[in-house]
Amino acid sequence: MFCYQCEQTAGGTGCDTTGACGKRPDIAALQDLLFEVTKAVARSGAAADAFLEDALFTTVTNVNFDAGRIVALIRQGAEMLAEAGAASPVAVTATPEEMVAAGHLVSLDGRIAALGPDVAGLQELLAYGVKGVAAYARHARVLGRTSPAVDGFVREALTFLAGPVPDAGGLLAMALRCGEAGLQVMELLDGANTDRFGQPEPAPVTIGWREGKAILVSGHDLADLADLLEATAGMGINVYTHGEMLPAHGYPELRKYPHLVGHYGGAWQDQLKDFAAFPGAILLTTNCLMPPRASYSDRLFTTGVVGFPGIPHLPAGAFGPLIAAALEAPGFTDARETGRHMVGFGHHAVLGVADTVIGAVKSGALKKFVLIGGCDAATTGRGYYSDLAEALPADWAVLTLGCGKYRVLGRVEGTIGPLPRLLDMGQCNDAFSAIKVAGALAQAFGVGVNELPLHLVLSWFEQKAVTVLLALLHLGVKNIRIGPRLPAFVSPAMLQVLVEQFNVMPIGDVQSDLRAMAA
Ligand code: FS2
Ligand code: SF4
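Source: prediction; values computed, not measured.

Caption draft 1: Inspection of the site of ligand 1 at higher detail. His220, Glu244, Trp268, Asn287, Cys288, Cys375, Cys403, Cys428, Phe461, Glu462 and Lys464 make up every residue found near ligand 1. In the model, an oxygen atom of ligand 1 is placed 3.1 Å from a nitrogen or oxygen of the Glu462 side chain. Class assignment of the residues belonging to the shell around ligand 1 gives a composition of six nonpolar, two polar and three charged. Two domains each put at least three residues into the shell around ligand 1: domain 2 (203–338) and domain 3 (345–518).

Caption draft 2: Focus on the packing of aromatic side chains. This structure, assessed with the given rule, holds 16 aromatic pairs. The interplanar angle of 80° and the centroid separation of 4.9 Å between the aromatic rings of Tyr128 and Phe489 together place this pair among those described as edge-to-face. Taken as a pair, Tyr128 in helix H5 (residues 108–142) and Phe489 in the loop between strand S15 (481–483) and helix H18 (492–502) lie far apart in primary sequence, 361 residues in all. For the ring pair Phe278 and Phe332, a centre distance of 5.5 Å and an interplane angle of 80° mean the geometry is edge-to-face. Here Phe278, found in the loop between helix H10 (271–277) and strand S5 (281–284), pairs with Phe332, found in the loop between helix H12 (320–328) and strand S8 (336–343); they are 54 residues apart in sequence, far enough to count as distant. Both residues of the pair, Phe278 and Phe332, belong to the buried class. These aromatic residues form a ring-pair network of at least three members: Phe2, Tyr4, Tyr128, Trp460 and Phe489. Taking the ring centre of Phe35 as reference, the NZ or CZ of Lys131 above it sits at 5.6 Å. It is Lys368 that lies over the ring of Trp396; its NZ or CZ is 5.9 Å from the centre.

Caption draft 3: Geometry of the environment of Pro484. Within the element layout of this structure, Pro484 appears in the loop between S15 and H18. Taking relative accessible area as the criterion, Pro484 reaches 18% and is therefore assigned buried. In contact with Pro484, not counting residues within four places along its chain, are Glu7, Thr379, Thr380, Gly381, Arg382, Tyr385, Trp460 and Ile507.

Caption draft 4: Up close: helix H7 (residues 168–197). Over its 30 residues, H7 runs 42 Å from end to end, which matches the ideal 44 Å to within 8%, given 1.5 Å per residue. Immediately downstream of H7, the backbone of Gly198 shows phi near 85°, a positive value.

Caption draft 5: Broad picture of the UniProt feature "binding site: hybrid [4Fe-2O-2S] cluster" (unreviewed entry) in the chain. Per the UniProt entry, the sites bearing "binding site: hybrid [4Fe-2O-2S] cluster" (unreviewed entry) are His220, Glu244, Cys288, Cys375, Cys403, Cys428, Glu462 and Lys464 in this numbering. Across 245 residues, the annotated set stays spatially compact, with a maximum C-alpha separation of 13.8 Å. From the set just named, the residues that line the largest pocket comprise Cys428. Mapping Glu244 onto the fold places it in the loop between strand S3 (237–241) and helix H9 (252–255). Glu244 gets classed as buried once you look at its relative accessible area, which sits at 5%. Contacts of Glu244, omitting those with residues within four sequence positions, involve Gly219, His220, Gly402, Cys403, Lys405, Gly426, Gln427 and Cys428. Secondary-structure assignment places Cys288 in the loop between S5 and helix H11 (294–297). Relative accessible area serves as the criterion here: at 9%, Cys288 is assigned to the buried category.

Caption draft 6: Summary view of helix H1 (residues 25–44). Over its 20 residues, H1 extends 29 Å from the first C-alpha to the last, a length consistent with the 28 Å expected when each residue adds 1.5 Å. By the criterion of burial, H1 is predominantly enclosed, with 15 of the 20 residues buried. Downstream of H1 by a residue or two, Gly45 has a phi angle that is positive, lying close to 85°.

Caption draft 7: Summary view of the domain arrangement of the chain. Taken domain by domain, the chain holds domain 1 (1–115), domain 2 (203–338) and domain 3 (345–518). Computed over C-alpha atoms only, the centres of domain 2 and domain 3 are separated by 29 Å. With 17 residues of domain 2 at the contact, the number on the domain 3 side is 17 residues. At the boundary of domain 2 with domain 3, total buried surface from both sides reaches about 1200 Å², with 56% on carbon and sulfur atoms. Counting the surface domain 2 buries against domain 3, the share from its top three residues, Glu244, Trp268 and Gln269, is 42%. The interface formed by domain 2 and domain 3 includes zero salt bridges.

Caption draft 8: Just the sheet that holds S15, in detail. One open sheet accounts for six strands, arranged S13-S10-S9-S14-S15-S16; its pairing is parallel. With partners counted over all chains shown, the strands left at the sheet margins are strand S13 (422–424) and strand S16 (505–506), one partner each. As paired strands, strand S9 (residues 368–374) and strand S14 (residues 454–459) are joined by six bridges and run parallel to one another. Its bridge partner being in S14, Val370 is matched across the sheet by His455. With respect to the sheet, helix H15 (residues 383–391) is in contact with S9, S14 and S15, its orientation differing from that of S14 by roughly 155°.

Caption draft 9: Looking closely at the confidence of the model for the chain. Per-residue confidence for the chain averages 97 on the pLDDT scale, and 100% of its residues sit at or above 70. Confidence metrics for the complex model read pTM 0.98 and ipTM 0.97.

Reading the values: the criteria
- Residues numbered from 1 in each chain as written.
- Chains lettered and ligands numbered in written order.
- Predicted model: local features only at pLDDT ≥ 70, side-chain atom pairs only at ≥ 80, totals over all residues.
- Heavy atoms only, no water.
- Near = heavy atom within 4 Å.
- Polar contact = N/O pair within 3.5 Å; in protein donor to acceptor, adjacent residues only side chain to side chain.
- Nonpolar A, V, L, I, M, F, W, Y, C, P; charged D, E, K, R; others polar.
- Domains from an automatic or database assignment.
- Phe/Tyr/Trp six-rings, centres within 6.5 Å; stacked < 30°, edge-to-face > 60°.
- Helix = DSSP H or I, 4+ residues; strand = E, 2+ residues; numbered from the N terminus.
- Buried < 20%, exposed > 50% of the residue type's maximum accessible area, 1.4 Å probe, protein only.
- Lys NZ or Arg CZ within 6 Å of the ring centre and 35° of its normal.
- Contact = heavy atoms within 4.5 Å.
- Expected span 1.5 Å × (residues − 1).
- UniProt positions renumbered as here; feature names shortened; annotations may be inferred.
- 1 Å grid on protein atoms, 1.4 Å probe; cavity = no way out; pocket = protein on both sides within 12 Å on 5 of 7 lines; lining within 4 Å.
- Buried area = accessible area lost by both parts, 1.4 Å probe.
- Salt bridge = Lys/Arg side-chain N within 4 Å of Asp/Glu carboxyl O.
- Pairing = 2+ DSSP bridges.
- Axes fitted to C-alpha atoms, helices over the stretch in contact; angles between N-to-C directions.
- pLDDT = per-residue confidence, 0-100.

And the structure:
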C-alpha cells in the first residue's frame, strides 16, 4: 500500500505499511480500487451521482475501515458498469480477495514511479479535492439539495483522471476548477443547512455535562443530529455534541430541542479519551473516526458513510439500537460545566453587524482579522495555532472554523466594541461564511480581498481541507499560511508554482509570522 492523502501520513512522506490512521493495507487496496471504479462509472455516463458521492466520501481519511462495506460499493459500481456495457476495473463476480489484489495493482506508488512525483502529486491534489467536493455534496443531498454544476464537475474531473495523463498545467487548471466546484458545493450546503435549520445565531454553548442518560454525536452531519433529537424528544436522554458538531448549537431549529444540552470533549483526535469517559452511547456521523478502543466499542455506532468492522452501522434515522444503548449505559451521575463557548457567527450574523465591523475598522479600533482554522489533529506542530492566537494584539479579531478551532478556544479573550474578538463561523465547510464575509468587506472598502487587513492561517488534515484550499486559490486569495506541515503530495515543483502564483507559505515561528502580518 501507499497513501499520502492526509497530514498525519507516516514520516510526513507516506504510509506504506499500516496507515497512521489505522487503515490496513487490504482496506487501502479496496479504497484504491473503489476510486478506480468511481472513475470508470463517471466515464461510462451512468446516472450515479449519489453513488459517486458515497464512494468518494468512503475513501476520505478516517471515514470507513469496513472491508464488507467497501466491497459492496465496489460491486455496486461494477454492476452499474456492466449494465452500461462499460469496461470495469473489476468483475462483478470478483471475490473480496480478488478485489484486494486488483486494488494493489492500482496503488499510488506505481503511479508515482511511472509518472514522477509532480504529475502523480497533481493527480492526487485533484483527486483529494474531488473527494472533498463529494463529501460536502453528500451532506447537501441528504438535506434534499443537489447541484447539476457540482455533480457535473465531479463526473468531469473523474473522467479527466480516467483519461490520458494530462500535463502538469492541465492538472493544475483542473484543480483550480475543483476549487470553483468546492465553492459551489459549500454554498449549496450552506443553503441546505440554513433552509432546514435556520441561520446560525450567536449563542453560548455549555461545555460539560448534566446528570442523566446521554448520547454523544460526533462528525459533521446536521441532518443526523436533527433526526436523533427528534427521535429522542421527551425520552429523558440528554444529547451532547462532540468535535465538528459543536457549531450545531447555533442553528435555531437544533437549539430548540431542550435535550440538546451542550458539548462534551474536544476535537476528533481526543475521542479515545472522550469516548472512553463518556457514560452513554456515541454516534459517529462522518469523519473523523479512529479505530475504537474496547472500553467503548459496545456503545459506539456509525451512520452514513462511516464504518468500522464490528461496530453496528445504523441506516439514516434508524437510531433504535443507539437509544437502547444510551438507556442501558449509566449516564452521568453529576453535573459539571467545564467551559462556555460562543458559536453562531456565520455570514448572516456577521454581515448583520457589518456597519459595526466596518466602523470599527475605519476608527482603528479593529486593526486586523486573522482566520485561524481548518483541521485539528494529534500531529506535532499544532501548538503554533494556539500560541499565535494568544500572541495576537487585543485589537485584532480572530475568525475560526473547522475543528482547528479547538486550538484557539479560550485563548482569544475580550471584545472589540460590541463584538467578541473570537468569532466562531462553524464547521470546515463554513469556510464559505468566511469567504462571503471577506467578499462583502472587500466590496465595502472598495478593495480586493488580498488588500483587506485579513490574514489566513490554515491548519490542514484531510481531503475536505484540500477542497477548501482550492476554493480559496480559485478565488485568487493569496498569502495563505498552511501548516503544521505541507502536504506530502505537494512536490517541490508544485510548491514553486503555488508560491509563484499564490504566495502560499508554510507557517513559520509565531513571532516572525506575527511581525510579517503586522507589517
Ligand atoms: Fe476536522 Fe476531521 Fe471538518 Fe476534517 S473532524 S479534520 O474531517 O472535516 O475538519
Ligand atoms: Fe496514512 Fe493518512 Fe493515508 Fe491513513 S489516510 S494511510 S494516515 S496518509
